[in-house]
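# Architecture and fold: a report
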Amino acid sequence: ALNSEIPAAKAKVEARRGSARAAFDTWLASAKPEDFGQQVSSEGLHLQAVFNEGRGTAAKFQVNGQPRDVTLTDKVSWKTGNAGSPAIEVSGGAATELADVGDFEADQKFSYAAWVNLKPNDGVGAIASRMDRGNAYRGWDFWVQGRRIGTHIVNSWSGDALKVVSKNQVNGNEWTHVAVTYDGSKKAAGVKVYINGVAQETNVEADSLKGSIQSNVPFKIGQRNDSDPLAGLGLQDLRLYRRELSA
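Within each chain, residues carry numbers counting from 1 in the order of the written sequence. With pLDDT at 70 or above as the cut-off, local features in this predicted model cover only qualifying residues; side-chain atom pairs require 80 or more to be listed or tallied, and sums for whole chains, interfaces and linings still use all residues. Just so you know, side-chain values use all the structure's heavy atoms and leave hydrogens and water out.

### Observations concerning the overall build of the protein
Labels follow the DSSP assignment, with helices taken as runs of H or I lasting at least four residues and strands as runs of E lasting at least two, numbered in each case from the N terminus. If you tally the helices and strands in the protein, you get two helices and 17 strands. Residues counted as buried form 48% of the 247 residues belonging to the protein. Between two residues, a contact is recorded if the distance between any of their heavy atoms is within 4.5 Å. Partitioning the intrachain contacts of the protein with sequence separation of at least 6 by distance along the chain shows that 67% fall at a separation of at least 24. For the protein, the exposed surface amounts to about 11400 Å²; the carbon and sulfur share of it is 47%. Between buried and exposed lies partly exposed: a residue is buried under 20% and exposed over 50% of the maximum accessible area for its type, with that area taken using a 1.4 Å probe on protein chains only. Per-residue and other accessible areas were derived by the Shrake-Rupley procedure at a 1.4 Å probe size, with only the shown protein chains allowed to occlude residues.

### Considering the sheet that holds strand S16 (residues 219-221)
Between any two strands, pairing holds if DSSP finds at least two bridges. Spatial ordering of the open sheet is given by S6-S16-S8-S9-S10-S11-S15, a layout of seven strands whose pairing is antiparallel. With one partner strand each, in any of the chains shown, strand S6 (96-98) and strand S15 (202-207) form the two edges of the open sheet. Mean inter-strand twist for the sheet, computed between neighbouring axes without regard to direction, equals 10 degrees. Relative to strand S10 (residues 148-156), strand S9 (residues 138-145) runs antiparallel, the two being bridged by seven bridges. Within S10, the position partnered with Phe142 by the bridge is Thr151. Interaxial angle, 0 to 180 degrees, is taken between N-to-C directions of lines fitted to C-alpha atoms, where a helix line uses only the stretch in contact.

### So, the pairing of strand S12 (residues 176-182)
Burial within S12 is extensive, with seven of its seven residues counted as buried. Here S12 shows no split at all, with Thr176, Val178, Val180 and Tyr182 on one side and His177, Ala179 and Thr181 on the other all buried. Relative to S12, strand S7 (residues 110-117) runs antiparallel, the two sharing seven bridges. Considered in S12, the bridge of Phe110 is made with Tyr182. Both S12 and strand S13 (residues 191-195) contribute to a ladder of five bridges, which runs antiparallel. Of the residues in S13, the one forming a bridge with Thr181 is Lys192.

### Thoughts on the pairing of S7
Burial analysis of S7 places eight of its eight residues in the buried class, the great majority of the element. Where S7 meets strand S17 (residues 233-241), six bridges bridge the pair, whose relative direction is antiparallel. Note that in S17 the partner of Tyr112 across the bridge is Leu240.

### Quick notes on the environment of Leu235
Counting through the fold element by element, Leu235 comes out in strand S17. You can call Leu235 buried: its relative accessible area is 0%. When near neighbours in sequence (up to four residues on either side) are disregarded, Leu235 contacts Phe51, Ala87, Ile88, Ala114, Trp115, Val116, Ile127, Trp175 and Ile221.

Right, dumping it as structure tokens:
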């Protein structure tokens, strides 16, 4: 009797999986950045930049739980974001910089996450970073290459570094939630990439980190310190955590 019931049970599981995915996709299409934020604990939240002002040259950030008014550069314009909420678009440079943000160390856990809207091209650049190109790229970045999401975590590129990038691309001209987590192990296996909350298969392009990743340059949004701007980056609810997020 049990053997005869198994196919029917499997069919029910598959039907539920399909309906659950459909419900998730429906929620995702209408979800606002603040809706997603309610699902994630604020434990270890180091920086949050929602970008919900909709106009002007200033934005309200949270840094280590404290509010901060931040001036935006002329590389920023306002646009309509996910589910009609305000967002910024960054082109040709950094949106802003902060000297006291993102100074992570190689043996510490940390994560970055954001809603992004990428151009449908094979561009490369940083969503955010604290990386010193003049010192062998020391630091870290929240990286995009060909609409694939990843990170460099570097003491000295490329002999003392990690680089992990998703195999899958995100869709162009579509708001997508992306995240990268790191467990402090100095191993590529300790890096995970998520797209719309789903863990991704990744390509490992460097796996030899040994030294410190702390750098003297500031944290920047939209590029590395003095290179690799991500042209036409749409951005909402950028977050940095001093912990490893889980799915």
